[in-house]
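# Overview (structure and organization)
So you can see what is in the structure, the chains are spelled out below.
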Amino acid sequence: MTAVTDRPIDADLLRRHDVAGPRYTSYPTADRFVEAHQAPQHLQALRQRGTVQPLSIYVHIPFCEQLCYYCACNKIITKHHERAQPYLASLEVEMDLVAEAVGGPAPVSQLHLGGGSPTFLSDAELTALMDALRKRFKLLPGAELSIEVDPRTVDAARLAHLRTLGFNRLSFGVQDFDPAVQKAVHRVQPLESVAALMRAARDLGFASISVDLIYGLPLQTPTSFARTIAQVAELRPDRIAMYAYAHLPQRFKPQRRIVAELLPPAGDKLGMLSGAISALLGEGYTYIGMDHFALPDDPLAVAKRQGLLHRNFQGYSTQPDCDLVGLGVSAISRIGATYAQNAKTLLEYDDALRQRQLPIQRGLALTRDDLLRRAVIMALMCQGRLEFESIAASYLVDVPRYFAAEMERLVPLEQQGLVVIEPDAIQLTPLGWYFVRAVAMVFDRYCQTDASRERFSKIL
């Protein structure tokens, strides 16, 4: 496959890099957080940042009506919708504590509701949640307001309500359109229903519609997944996220319901990836990085062309690199040089807030080396280029000397055509963009052994 690369993505290269590794929505990754970092440390970080710079906010809604067998998210399966009310009350307490810590209503340039299924909430509950957020934070004009949508839980009227609440971006969880695959993972949603919702969303004026896909699911084949890709391309979403399924039943209990013998072999999985990349490029999509695609006029594609991509816990973003406040059970915040994660169980989360304490369970204060490596990894992940001079100016290091061992480990990747090592920079090649996680891992101090990688998904 030649596509837009300098050379074909051959099967040997795909196999060589079919390894586990981080997605780098943060560095260091969340598995490095420590329990010594608690609410007092997070409060201090919030107080120091104040309300001058805009925030990004993520709100985690953990509830789902049905279990999807592939899911590795922090969720609560229930048909008891009355459980949402006490959770929303806890969220309001958390918002109060955050707003109080930063010293007032901080400006917000980006808001994302994820889960779980945010559309588990009723129209009235979503209205109450947005009212609560607007009461405590200042949502800026033109802010990106996005929400993850389970197509099985919404209709055109619900989408219209989301629009009246100010949401301007939707992300539809599709995964696969093949009926047999959907049945095998316990997520049945016909193509026709998703297509109707996407038409309604466009009529309502949503600025961006995204579709999430997963390859490597049970009963998938290169042929069946190619059919799904063609169907998705015909729907023409503005963005497509295509993730590799990681079968880790020892860590994620729902995955134990998946019949391992029905999973596609590694060769077929790589064939799905290769075929999907080729097909989407052929349909005019721009490859953003890792597993993300966007139409050429989408702000994400424009940001990539202009070297203005950013990255946070929600993935690639056009927003400036700003602090992130995570609200809700298991949500992660990034404030300055710190990370903090909320309690992962509803019981612990609610208990902390009943005592009017931030529900922080663990986190991390980054070292100078962490900050330096984060800057390097994010430059590679977002711009595809690492300028030694800019890193040297910010961190007062001689980059080739500081990263002497890493520069040596880059040589085989250069020989494979993934990077070009220049006298004053490291440049990803067009081919290298497809293996950007492998390049970033070279600079990850915590990810140098196979043992440390076992908790991660495959990088392809």
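For the structure itself, consult the block above.
Notes on the structure follow. (Residues numbered from 1 in each chain as written. Predicted model: local features only at pLDDT ≥ 70, side-chain atom pairs only at ≥ 80, totals over all residues. Heavy atoms only, no water.)

Right, let's talk about the overall build of the protein chain for a bit. The number of helices and strands found in the protein chain is 17 helices and 19 strands. Compactness check: the protein chain gives a C-alpha radius of gyration of 22 Å against a globular reference of 23 Å for 460 residues, within 12% of the reference. By its C-alpha atoms, the protein chain is 55 × 55 × 40 Å across when sized along the principal axes. Of all 460 residues assigned to the protein chain, the portion counted as buried reaches 58%. Summed over its atoms, the accessible surface of the protein chain is roughly 18700 Å², and 54% of this surface lies on carbon and sulfur atoms. A distance of 3 Å separates the average location of the 49 positive side-chain charges in the protein chain from that of its 50 negative side-chain charges. (Helix = DSSP H or I, 4+ residues; strand = E, 2+ residues; numbered from the N terminus. Rg over C-alpha atoms; globule rule 2.2 N^0.38 Å. Buried < 20%, exposed > 50% of the residue type's maximum accessible area, 1.4 Å probe, protein only. Areas by Shrake-Rupley, 256 points an atom, 1.4 Å probe, with all protein chains shown as cover. Lys, Arg positive; Asp, Glu negative; His and termini not counted. Charge placed at Lys NZ, Arg CZ, Asp CG, Glu CD.)

With that settled, the discussion passes to the state of the cysteines. Per the counting criterion, the structure on display carries zero disulfides. In this structure cysteine 68 is a free cysteine whose sulfur lies 6.4 Å from that of cysteine 71, the closest cysteine sulfur available. Here cysteine 447 is not cross-linked by a disulfide; its sulfur's nearest cysteine counterpart is in cysteine 382, at 18 Å. (Disulfide = S-S within 2.5 Å.)

Take helix 9 (residues 266–282) next. With 17 residues, helix 9 ought to run about 24 Å at 1.5 Å a step, and its terminal C-alpha atoms sit 24 Å apart, in line with that. Within helix 9 the residues assigned to the buried category are Lys269, Leu270, Met272, Leu273, Ser274, Ala276, Ile277, Leu280 and Leu281. Residues of helix 9 that are buried sit in contact with helix 1 (11–16), strand 7 (208–215), helix 8 (222–235), strand 8 (239–244), strand 9 (286–289) and strand 10 (292–294). Of the residues flanking the end of helix 9, it is glycine 284, one or two places downstream, whose phi is positive at about 95°. (Expected span 1.5 Å × (residues − 1). Contact = heavy atoms within 4.5 Å.)

All right, on to helix 4 (residues 123–136) then. Residues spaced three or four apart along an α-helix face the same direction, because each turn holds 3.6 residues. The terminal C-alpha atoms of helix 4, which comprises 14 residues, lie 20 Å apart, in line with the 20 Å expected from a rise of 1.5 Å per residue. Among the residues making up helix 4, those that are buried are Glu125, Leu126, Leu129, Met130, Ala132, Leu133 and Arg136. Burial along helix 4 is one-sided: seen end-on, the buried residues are contained in an arc of 155°. Turned more than 90 degrees away from the buried face of helix 4 sit Ala124 and Lys135, all of them exposed. Tucked into the core, helix 4 has its buried residues touching strand 1 (55–61), helix 3 (84–102), strand 4 (107–115), strand 5 (138–149), helix 5 (156–164) and strand 13 (324–327). (Arc of directions from axis to C-beta.)

Let's shift gears to the nonpolar core. Side chains that are nonpolar tend, in soluble globular proteins, to be buried together. In terms of nonpolar packing, the biggest core is built from 129 residues, with Val59, Leu91 and Leu129 touching the most fellow members. Per-element tally for this core: the top contributor is helix 3, with 10 residues. One finds Tyr70, Cys71, Val181 and Leu263 within the second-largest nonpolar core, a separate group that totals 12 residues. (Core = buried A, V, L, I, M, F, W, Y, C linked by side-chain atoms within 4.5 Å.)

Below, the discussion takes up the sheet that holds strand 19 (residues 425–428). With antiparallel pairing, the three strands of this open sheet are ordered in space as 17-19-18. Edge positions in the sheet fall to strand 17 (385–387) and strand 18 (419–422), since each of these pairs with one other strand and no more. Each neighbouring strand pair of the sheet contributes to a mean axis angle of 15°, computed without reference to strand direction. Each of strand 17 and strand 19 is contacted by helix 12 (residues 368–382), which is oriented at about 140° to strand 17, the strand it contacts most. Against the sheet, helix 15 (residues 404–415) touches strand 18 and strand 19, its axis set at about 130° to strand 18. (Pairing = 2+ DSSP bridges. Axes fitted to C-alpha atoms, helices over the stretch in contact; angles between N-to-C directions.)

Moving on to the pairing of strand 5. Where strand 4 and strand 5 come together, six bridges link them in parallel fashion. Paired with leucine 111 across the strands is leucine 145, a residue of strand 5. A crossover links strand 4 with its parallel partner strand 5, the connecting element being helix 4, and its sense is right-handed. Alignment of strand 5 against strand 6 (residues 169–175), held across four bridges, turns out to be parallel. If you follow valine 149 over to strand 6, its bridge partner there is phenylalanine 172. (Right-handed = clockwise from strand over helix to strand, strands pointing away.)

Looking now at the side chain of glutamine 220. Structurally, glutamine 220 can be placed in the loop between strand 7 and helix 8. From its side chain, glutamine 220 meets the backbone oxygen of isoleucine 214 in a polar contact 2.9 Å long. Excluding residues within four positions of it along the chain, glutamine 220 makes contact with Gln175, Asp176, Val181, Ile214, Tyr215, Phe225, Pro264 and Met272. (Polar contact = N/O pair within 3.5 Å; in protein donor to acceptor, adjacent residues only side chain to side chain.)

A complete count under the given rule lists 11 aromatic pairs for this structure. Taking the centre distance of 5.9 Å and the plane angle of 80° together, the rings of phenylalanine 313 and tyrosine 339 count as edge-to-face. In this pair, phenylalanine 313 is assigned in the loop between strand 11 (310–312) and strand 12 (315–317) and tyrosine 339 in strand 15 (residues 338–342), connecting sequence segments 26 residues apart. Considering the side-chain rings of tyrosine 402 and phenylalanine 403, the 5.0 Å spacing of their centres and the 70° angle between planes classify their relative orientation as edge-to-face. The exposure class of phenylalanine 403 is buried, given its relative accessible area of 0%. Members of the aromatic cluster, each reached through a chain of ring pairs, are Phe63, Tyr87, Phe120 and Tyr349. (Phe/Tyr/Trp six-rings, centres within 6.5 Å; stacked < 30°, edge-to-face > 60°.)

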